Amino acid sequence: MDGPQGGTLTFLFTDIEGSTRLLGSLGAERFEGLLASHTGIIRDALSAHSGREVATAGDSFFAVFPNASDAVAAAAAAQRGLTAHAWPEGSPVSVRMGLDTGEATRASAAAGADYIGIPVNRAARIASAAHGGQVLVSETVRALAEESLPPGTRLRDLGERRLKDLARPQRLYQMDVEGLPSDFPPPRTLDRMPHNLPLQLTSFVGRERELAVGLRLLAATRLLTLVGPGGTGKTRLSLQVAAESAEDFPDGVFFVGLAAVSDASLVLPEVAHALGVPLTGPRAPLESLTEFVRSRRLLIVLDNLEQVVEAAPDVANMLRAGPGLKVIATSRAPLRVSGEQELPVPPLDLPSANDLADLAALPQFEAIRLFIERAVAVKPDFVVTAANARSVVEICSRLDGLPLAIELAAARTKVLPPAAMLDRLRRGLDLLTGGARDLPARQRTLRAAIAWSYDLLEPGSRRLFERFGSFAGGGSLAEIEEVCGPAAQIGVDVLDALVDLVNQSLARQEDLDGEPRFFLLETIREFAQERLQSSGEAAEIHARHARAFVALVENAAPQLSGPAQREWLDRLEREHDNVRAALNWALETGNADTGLRIAAALWWFWRVHGHLAEGRMYLTRVLDLPSASMPTSARAKALEGAAAIAFYQGDHEAAHGFGAASLAIRREIRDQPGTAGALTTLAAMAAQRGDHAAARSHLEQSLAIQREIGDRETIGIALNNLANVAHQQGDYAAARALYEESMDLQPDRPWSIAVLLGNLAIVAQDEGDLDAARSLHERSLQMKRELGDRRGAGLSLISLGNLAIAQADLVSAGRFLRESVVVWRELGDNSGIALTLAAFAGLAAARSHGEGAVRLAAAATALRDRMGAPLPASVRGRLERRLVAVQAAMTEEAVAAAASAGSNMTLEQAVTEAFEIAPAG
């Protein structure tokens, strides 16, 4: 092919949809004739519009154009020609096409060499997302070609889509050609099914053989384990297999990263969290998960399973329970469980000495192509020439074709030509591979490559790299500066050192909300941790890391119920691996103060984000530390957190024990405010159990302490809690008087007033004054919105929805409840959504949607049960009353079937049904 050497180019990929089917139906001879006609039409369109054929393979084309307008015109002409052609009867040829524009270069200086660059990969992915007869183009192509489109064509916006290369979402456009079909299904992108596959910062290069084998094996097995040493690209390959297989799993594809998990008992809770399966306290995680997967077609990727391989039997049990479940695991060793299919992940393909003569063919070898792509990323004019080809090949060969090692070397091309790099690499590897003879040869090579890159760093960057090993899951610039700095101590500006690490591929960077975040790949982090340990600084740096994340969680705790609650919850989720690292360090070193402070501050996050089993495990282990046995305020706070989580899980006996222990400590250390708070916690638990006498007794003691202290706000809170108990006992007059007294004490506390207005509304509603109740609820909602209390607003919207149902204002009810779901989604609080679904069930019943009402009621009940937070008794009673009439009109079999279907719904399936059968109007 004679085409441009590089620059801004437009790339077109095409292939025939269903070519295998056509071959089978026509036979080889007739198919060859069809293929020849197809090839002629494509080539005519290319030549008529300045296109140059880069490569063909079977029925696919790869072409390059000097500009986007010519490429779009060629695609339109090709589709017109294909449609107009007289194909054999019953054998129309449908060709899918994809285009992208951007900077690319030839892989080598030889004529006919392939192109390297992100736009090439992206164009191929865009084509694979298209359907037969469809042309998809990128945002860049649209911007460049829209003003000069061929007559009779237009570009239609399909929105942002996640392509299967796992890069950031891309806006896609469909080219509609007058007279040709334009009504296609949604593109074959990851948006079509539930998934949490992480974005990737680099392109997927090579591995065509392993990818094909992985897809074939996954189709025939339930447990596929990708096996190989660190640095071979197991994680990246597993993600690509999952992405390519996504359409086979309508219930979702989910990635579970286990790099920061060191306790095998936490593997299933991590799986549950990824799947959105809340865990019930008394029930084992395996029981909840097996129930969830039983009727679903799911794919789960378990990454870095080797360090918690004891969990492999649990994975096998899940697979036995769910016939539609499949698992891809990555591990440095096989799992050794029944039904496992191993897929060794070897190094990348390497050329031999005989292959050096053909420069154009060198990029066909995966190791060389990876080196070139990563080298071009740091030095855009890099090409393989006759002068440097031998050095590039030897570099990749000396690195055994290991992807991570090759990436580390390629990053050096910015300052070192291949020959100079090879000379340094020879000396470095010969020296470094002499040690650690107990490691496999390839692992020694990888470690030597990391060490070589490490040794080439400036002293300050090396010191920062070592200290950065204390982080798990990466960190922000401010966090890294706090733990790894200051500049005066390490001898270099922290940001400068991080940029150095990124430039040398020892660290990765991504932008998060406009701020940079840096992280180490796990294999490199292991090396950094070893260097930190040998530096003599490990104890101090891990202590600094722990202090930094104690400060983070303690700053976050009071924000988790305020207007910035979603931002702080998301931040804690992002830093969860670092918090785990700090907690594990505290447990390993017996540092009770650190462990107690983190666990006490984090329990609300663990509850809201579904980490209940993990939270309870950490709280219990910290409380069991010998150094944590002293009666301190920190221990009392941790006991209160343990009580709250145990209670939320439905383990009321344990919750009462934790709460009573906390109260005893508060009294022993004469902490009056803490004693009042502990009594309030015990009262809340007693009230939920229906023990109103105990609740009242605890609250009266708490109120007496608050009056002694003289804090109007806390007195008001105590009165509010007493009013709640009176209300639950049906003493509405006493409840109203207590609520109003509480309001009088807190005229300057709008948060408290908003809550009290809602409570007064419920009293009015129970007394039958629905108009007054609605007015009070609306005032409460308005105040909560003004205060930014989104959780409070979500609860008020549920109350207004239920009240509107009672008033037969079903349109307003639907509007309130839909808005409530939006609020809970913004907060990431699935328990709130489940509570709203219970109200939706009542709305469906009011609309005489009997089966839908039963399904939604069962879904809400099951979802809350799986969370370990059953629906409150008042909600259950209201549901039962509302379902009486619709269930009476159904057969027992229909009720049972609807309830069973609802119990097995995912949260999103239930929300979808709620919105469909109980619309806002």
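Residues numbered from 1 in each chain as written. Predicted model: local features only at pLDDT ≥ 70, side-chain atom pairs only at ≥ 80, totals over all residues. Heavy atoms only, no water.

Quick word on the packing of helix α35 (residues 810-827) against helix α36 (residues 830-846)
Their axes nearest at 9 Å, the elements α35 and α36 cross at an angle of 165°. By the angle between their axes, α35 is roughly antiparallel relative to α36. Classified by chirality, the crossing of α36 by α35 is left-handed. Along the contact surface, α35 presents L810, A813, G814, L817, R818, S820, V821, W824 and R825, while α36 presents G832, I833, T836, A839, F840, L843 and A846. Residues of the contact of α35 with α36, tallied by class, amount to ten nonpolar, four polar and two charged. (Axes fitted to C-alpha atoms, helices over the stretch in contact; angles between N-to-C directions. Helix = DSSP H or I, 4+ residues; strand = E, 2+ residues; numbered from the N terminus. Parallel < 35°, antiparallel > 145°, perpendicular 65-115°, else oblique. Left-handed = near helix turned anticlockwise from the far one by under 90°. Contact = heavy atoms within 4.5 Å. Nonpolar A, V, L, I, M, F, W, Y, C, P; charged D, E, K, R; others polar.)

Description of the sheet that holds strand β13 (residues 340-344)
Taken in spatial order, the five strands make up an open sheet running β10-β11-β12-β9-β13, and their pairing is parallel. One side of each edge strand has no neighbouring strand; the edge strands of this open sheet are β10 (253-257) and β13. Averaged over all pairs of adjacent strands, the angle between strand axes in this sheet comes to 20°, irrespective of strand direction. Relative to β13, strand β9 (residues 223-227) runs parallel, the two sharing five bridges. Across the sheet, residue L226 finds its bridge partner in β13, namely L343. Across the sheet, helix α6 (residues 208-220) lies against β9, β11 (298-303), β12 (325-331) and β13, angled at about 180° from β13, the strand it touches most. Helix α7 (residues 234-245) contacts β9, β10, β11 and β12 of the sheet and is inclined by roughly 160° relative to β12. (Pairing = 2+ DSSP bridges.)

Focus on the confidence of the model for the protein
Considering every residue of the protein, the mean pLDDT works out to 85; 94% of them sit at 70 or more. Mean pLDDT values over the elements of the protein span from 72, in helix α14 (residues 418-432), up to 95, in helix α21 (residues 538-556). Under a pLDDT of 50 for its full length, residues 431-439 has, in the predicted model, twelve contacts with residues more than four places off or in other chains. (pLDDT = per-residue confidence, 0-100.)

Quick look at empty space enclosed by the protein
Counted according to the given criterion, the structure contains five cavities of 30 Å³ or more. Estimates place the volume of the largest cavity at around 60 Å³. Looking at the largest cavity, the residues that line it are L560, Q565, L569, W604, V608, R791, L827 and D829. Contributions of two or more residues to the lining of the largest cavity are made by α22 (565-574) and α24 (592-608). Considered as a void within the structure, the second largest cavity measures approximately 50 Å³ in volume. Around the second largest cavity, the lining residues are Q79, G133, V135, Q174, M175, D176, V177, L180, P181, S182 and F184. With four residues, strand β8 (residues 170-177) is the single largest residue contributor to the lining of the second largest cavity. Taken together, the residues of the lining of the second largest cavity break down into six nonpolar, four polar and one charged. (1 Å grid on protein atoms, 1.4 Å probe; cavity = no way out; pocket = protein on both sides within 12 Å on 5 of 7 lines; lining within 4 Å. Points joined across faces, edges and corners; volume = space filled by probe spheres on them.)

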